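Fold and contact review
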Amino acid sequence: MNNSAYIYEAVRTPRSKGKLGAALSRVKPVDLLAGLLEGLRSRHDLDTSLVDDVVMGCVMPVGEQGGCITKTAVMKAGWANSVAGVQLDRFCASGLEAVNIAAMKIASGWEDLVVAGGVESMSRIPMGSQGSAWGEDPQIAFDTGFVPQGISADLIAAVEGYSRLQLDEFAVRSQSYAAAARDAGYFSRSVLPVTDVNGIEILTQDDFIKPGTTVEALSGLKPSFQMMGELGFDDIAISRYPQISKVEHVHHAGNSSGVVDGASAVLVGSESAGQKLGLRPRARVVATAVTSTEPTIMLTGPGPATFKVLAKAGLGVADIDLVEVNEAFASVVLRFQKETQIPWGKINVNGGAIAMGHPLGATGGMLVGTLLDELERRDLKRGLVTLCVGGGMGIATIIERV
Amino acid sequence: MSGLFNYEKDADGIVTVTMDMSGPVNAMNDEYVALMAETLACLQAEADSVSGVIITSAKKTFFAGGDIKSMLQVEKGESERAMFAMNLQIKQQLRQLEQLGKPVVAAINGAALGGGYEICLACHHRIALDSPAVQIGLPEVTLGLLPGGGGVVRLVSKLGVEKALMPLLEGARFKAAKALEENLIEELAADADDLIAKAKAWIKANPAACNPWDVKGFKIPGGDYRNPKVAQMIQAGNPMMFKKSRGLVPAPLKILDVINSAIHVDFDTALDIESRVFTSLVTTAQAKNLMTFFLQMNQIDGGVSRPQGVEKSKVKKVGILGAGMMGQGIAYVSAMAGIDVVLKDISQEAADKGKAYTGQLLQKRVQKGRMQPEAAEAVLARICATADANDLQGCDLIIEAVFENVDLKHQINTELEPQLAAHGFWGSNTSTLPITLLAESSSKPENFIGIHFFSPVDKMPLVEIIVGAATSAETLARAFDYTKQIKKTPIVVNDSRGFFTSRVFATYLDEGALLIEEGVDPVVIENLGKAIGMPVGPLAVQDEVSQQLTVKANEANFDLDRRLDQAHTKDNAAYRLAKRMVAEGRAGRFHGGGYYEYGAGEKTLWPDIYSWYFNSDVSLPIDDIKDRLLFRQVVESLRCFDEGVMNTVADANIGSIMGIGFPPHTGGVFQFINTYGVQAFTDRLQALAERYGERFVPPNILLDKAANNELFM
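Residues numbered from 1 in each chain as written. Chains lettered and ligands numbered in written order. Predicted model: local features only at pLDDT ≥ 70, side-chain atom pairs only at ≥ 80, totals over all residues.

1. With respect to the overall build of chain A
Broken down by element type, chain A carries 13 helices and twelve strands. In terms of C-alpha radius of gyration, chain A reaches 20 Å, essentially the compact-globule figure of 21 Å for 402 residues. Taken over the C-alpha atoms alone, chain A extends approximately 60 × 45 × 45 Å along its principal axes. Within chain A, buried positions represent 58% of all 402 residues. (Helix = DSSP H or I, 4+ residues; strand = E, 2+ residues; numbered from the N terminus. Rg over C-alpha atoms; globule rule 2.2 N^0.38 Å. Buried ≥ 20, exposed ≤ 12 C-beta atoms within 10 Å, placed from the backbone.)

2. Considerations on the overall build of chain B
Assigned secondary structure in chain B consists of 28 helices and 19 strands. Against the compact-globule benchmark of 27 Å for 713 residues, chain B has a radius of gyration of 28 Å, which places it among compact chains. In terms of its C-alpha atoms, chain B occupies a principal-axis envelope of roughly 85 × 65 × 55 Å.

3. Description of the sheet that holds strand S3 (residues 52-57) of chain B
All names here are of chain B. Here we have six strands laid out as an open sheet, ordered S1-S2-S3-S4-S6-S9, and mixed in their pairing. Since the sheet does not close on itself, it has two edges, and those belong to strand S1 (4-9) and strand S9 (187-189), each with one partner. Strand-to-strand, the axes of this sheet are offset by a mean angle of 20°, without reference to chain direction. In terms of strand pairing, strand S4 (residues 104-108) meets strand S6 (residues 125-129) through four bridges, oriented parallel. Each bridged residue has a counterpart across the sheet, and for Val105 the counterpart in S6 is His125. Of the strands in this sheet, S1, strand S2 (14-20) and S3 are in contact with helix H1 (residues 30-45), which crosses S1 at around 20°. (Pairing = 2+ DSSP bridges. Axes fitted to C-alpha atoms, helices over the stretch in contact; angles between N-to-C directions. Contact = placed C-beta atoms within 7 Å.)

4. As for the interface of chain A and chain B
Opposite the eleven residues of chain A that make contact, chain B presents 15 residues. Classifying every residue of the side of chain A that touches chain B gives three nonpolar, four polar and four charged. (Nonpolar A, V, L, I, M, F, W, Y, C, P; charged D, E, K, R; others polar.)

5. Considering the sheet that holds strand S16 (residues 462-467) of chain B
All names here are of chain B. Strand order in this open sheet of eight strands is S12-S11-S10-S13-S14-S15-S16-S17, and the pairing throughout is mixed. The sheet is open, and its two borders are formed by strand S12 (383-386) and strand S17 (489-494), each paired with just one other strand. Taken over all neighbouring pairs, the strand axes of this sheet differ in orientation by 25° on average, direction set aside. Relative to strand S14 (residues 420-428), strand S13 (residues 395-400) runs parallel, the two sharing five bridges. Bridging across to S14, Cys395 finds its partner in Leu420. On top of the sheet, helix H14 (residues 348-367) reaches strand S11 (340-344) and S12; it is set at about 155° to S12, its chief contact. The strands touched by helix H25 (residues 649-660) are S16 and S17; relative to S17, the strand with the most contacts, the crossing angle is about 120°.

6. Concerning the confidence of the model for chain B
Averaged over every residue, the pLDDT of chain B is 96; the share at 70 or more is 100%. Listed scores for the predicted complex are pTM 0.94 and ipTM 0.92. (pLDDT = per-residue confidence, 0-100.)

Have a look at this one:
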């Protein structure tokens, strides 16, 4: 029996600034997700009673985003009572973890149709709202060398010797690629407009992108993590990486991922589920992997995760046609490229989170859709998605068009 | 467009904007938007020389609020989007006003309700004239809407969630002093000069005024969603409202939803959300129905059914015959309206007992602090309890409220009619007997009319006036005026068996009884009666009416048929079951029990009823049961209309809601059809007729309306 996990559809909301007053801040997180689920349902006239489970990443599952928001969104969307829902948290990997778990559910043969992705309203539930067993606990923080992620990003730059200019050049690349892709309509297949209770459109496409960004303009931005570093986190970092003399604070709002609101949903199912729905599979999930690295530098997981998933799949770096690596910080992508030696021409060809934003729990699902759309547009076969993750983790997934 | 916002700047640079729109009242419409834009442009242009702004009105009312007639025209789609755009514009203007950087004072010289009070909320200070003409509040919820001009967000931001809930969810109107107490306004003024003087003084004392939500670091009083007390209040709102409205009216919940948004996001985002949710309500059937109800209430109270050309009259002395439950209630409401009352019964003792009822009601009012003891004394002193017919001498109006017996009523009329003043008129508080028949004993049948009260009279707001064959227009006008005098709402119907309300009301009881006979679980019948929005299920209502009364009323009707040689009354399930219940000693709640047993605690169904017809194999679709219970009443109303019992759609709609508890969110028996869809309703009736019998066959008037694609207006 063919237990392949197929991707039948991948949709997302547009992303907008994760600040009260911005476009999507007038939408409750549950409505953001429910609206997307409704869009997915109506696009394919989906018989929702065939869906076994909905798996959604959400990194700040508290307040109006708490209490298993997935099931609430499933109810709000009016899906069949039999559809279950679960919310998971693997920090920034949550959205991709959701897709991977969905693929595993299908591959095991224990479920037939699963929707996976994530939701994050960073405007209404700001970062930090969820508390932390790690950074907020002084003893554990001490024992494990905890530093905030921005310090880790700056630490990567220090260890690798990336200059501010190099990072800013990458940020400009992200902006120009993203703007070009949006304007060329490359995202329009997968981005569903967010509407209000009357069906009046609130946001139809990403509004966070800043086209025309230049290195000169970025050079004026103040480093974001200097104060934190001077507080003592730089010293903690250097105690773990004695080879560096100083942590230069090279990351800022312009070369780090944007704080935004958004949601994603990927329809993953077995071959027979697709036949029941009358849908043609767009891709197959080839393999998935998670791993973890040293926690202080924290954001170096994508390379090892990529090697691990390639080994699982029996593939080499050269077998990958396109890569989406999450642009949490510019240094993360630069380090990933250096480690894997994947040519730049294959990496984040339509920009990334520096330009469009990183709605924590939702991003992984969004990257799967962006990758699949571009593989189809270029008529290529195989792609890889990878993200750096809190605690030093890394995650990767390989998909292949069928 | 001849209206204007009069703009006058004094020597101190204080601009007084006096709203004087072209209509009879100031209202939120296109003209308002244009005038406000002009005013803001002037204020901004000469900002340097302006020290403050006073907003007041040239009309008797300050500002009337939204334009209901134009909101009724809004449909999903283009007009909805246009209304949304205008709403955003209104808000943006008010935002500009409050962010002018100059102190803005609302000088509230008359009623400021809805949109009117929303303007006041966008000012920095509110001073109201301490006059009975001033009413303040946000009654939008009663129209199925929410305050969409910033009212929800500003009130929550001003008062906090706890204090804002009641004014928003109940839509109460406050007198000036009470509004001050509730912090809806900040000051009272004695007269018009004082109002402006105080406004100017406040402006001078507060040159840098701005609203608290525009100050950095603003926090909603009492806390936002992170305060567990606030979160609990919001959470408790849903079940509390469901208990009250059974989920049939969306507006209160939407208000709560906007309140909840207001404590999650910033002020401007909350305003935007409020507009979107407001827009979603305008096109709902419930809002259209409740707005129509509001307009039709105005029509009725404005005298649409009162003959024109008859001078307005007042009753000075009323005689009431029979000091039973109805008579004593009529005595109370009449005395409260300042009318001298002669309450006559056969014995002095019975009459005194009737008067004592007024004493009890007054005492409660005094205890609740709603009336001064002296005033209560004065009301009670207006009632003369007597057994002496001569005390009726000179009454402008005599209302007979004795047993429903034609001969008795004839006899009393013959005996006491001569006591009436020269131009006096006679009213019968019958709920079912034809007025034309009762007037046969009268020497002046043109002065004879039906004045049908509902029980309990002091609480029920409706009076059904029945015009007999000989009743003159003048008598009708006077009965109408009396009803208004005692602050009731009069509907006018023509003479027919059961008139309008009793006839329609009986169908609810009958359909409940039919469902029992068909074997449906009584619990299901009761729950579904409540689910459609009736105050209680049909079986509980039957108990309140009493099985005994149902038997008597049916027998009286059979007697009447014999007397008039008619075949009007038919055997019916309500009658059959009532007879059987009476035989079992279950004659009604006040006779010790009926369908229910009434112990010390909650009432419980009488278990034996299950052994009569209940059949666990019977399983009717829930929607069928609900529609049968509701639609029977609508079909009967249509038949009444077909037969000419009512003259206007408004009388039927208002009468059904205020007289017999037809669910208010429907807008009444005919408005319900309009929003259900005339053709859709016809089709549904046809389906019900095929399944359940000819009582659901669509009456001709409905078929005509459907064929002509017309509404009941």
